[in-house]
Every structure is written in structure tokens, then in C-alpha cells.
Amino acid sequence: MAAELHVELVAADRSVWSGEATLVVARTTSGDIGVMPGHQPLLGVLESGPVMIRTSDGGTVVAAVHGGFVSFADNKLSLLAEIAELSDEIDVKRAERALERAKSDADASAERRADVRLRAVATR
């Protein structure tokens, strides 16, 4: 079994992160999944939520992902997201304001996006 897997996290508008990892945890429509080297091939639909990538050098990368697909084969994991932001890129104050605004407007989609951003920041 290989000790690493290659990960590509891509949003509709850009490549967000690429590198070697030992573990990736993401939320799918079937529930949370963890993918390690040697995992069985899979194809799934991503739900909005934080994605945690444990890098091969022992670091952790966290991203807020809003929908998309996940695919794994031959020790290559692709996360193809509609929107993805690394937790380091998220402005916490702005996300908090967006959450409050979404709650007051009763905008469930905007509330979910802001909540995912804040959970990604809390996970890093």
C-alpha cells in the first residue's frame, strides 16, 4: 500500500490546492468519508462542509467546500468543487457578518455558506 495519495482540490474558477497527503476527510451526500492511500475507488457528490487534508509532511490544510464531486482512483483524489476557499483565505469578521445578514434575511443558502466558512476556520 502506498504511503501517500495525490490530492487536487479544484474550484470552478481556480486550482485551490494540490499536493501529497496521507488522509482527506470530506462530507458527501452519503455522509463523512475519510480517504487514505490504497482506498477503494470512489465517486461521490460533495456536500457543503469543511474538507480536511492531512499533508504528507504532517501539516493540515482545511478548506470550505460548497458542493461538487469527489473521485478517487489509482491513489489520486480529485475534489471538484463549485466553490472552495482555503481556511487561511477566509475573513472571519466578514463571514460572521454574512451569517448574521443571512439569518436576518432568512436566506438558508447564504446561511449555510457562511456557516461552512466559519466551521472551516474553526477546524484549521
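Note that the structure is predicted; figures quoted are calculated from it, not measured. (Residues numbered from 1 in each chain as written. Predicted model: local features only at pLDDT ≥ 70, side-chain atom pairs only at ≥ 80, totals over all residues. Heavy atoms only, no water.)

With that out of the way, let us pick up helix α2 (residues 108–123). An ideal rise of 1.5 Å per residue puts 22 Å on 16 residues; α2 measures up with 22 Å between its terminal C-alpha atoms. Turning to α2, its buried residues number three or more, namely A110, A114, V116, R117, L118, A120 and V121. In the core, the buried residues of α2 are packed alongside β5 (49–55), β6 (60–73), β7 (76–86) and α1 (92–105). Where α2 starts, the residue carrying a side-chain oxygen 3.3 Å from the main-chain nitrogen of S109 turns out to be D107. (Helix = DSSP H or I, 4+ residues; strand = E, 2+ residues; numbered from the N terminus. Expected span 1.5 Å × (residues − 1). Buried < 20%, exposed > 50% of the residue type's maximum accessible area, 1.4 Å probe, protein only. Contact = heavy atoms within 4.5 Å. Polar contact = N/O pair within 3.5 Å; in protein donor to acceptor, adjacent residues only side chain to side chain.)

UniProt's entry tags residues 5–83 with the feature "domain: ATP synthase F1 complex delta/epsilon subunit N-terminal" (unreviewed entry), counted in the numbering of this structure. In residues 5–83, the share of helix is 0% and the share of strand is 77%. The end C-alpha atoms are 23 Å apart. (UniProt positions renumbered as here; feature names shortened; annotations may be inferred.)

Moving on: the pattern of salt bridges. Here the idea is simple: oppositely charged side chains can pair when their charged atoms come close. Scanning the model with the defined rule gives 4 salt bridges in all. A salt bridge links D115 to R119; the shortest N-O distance between them is 3.1 Å. One end of the pair, D115, and the other, R119, are both in helix α2, 4 residues apart, so they sit about a helical turn from each other. (Salt bridge = Lys/Arg side-chain N within 4 Å of Asp/Glu carboxyl O.)

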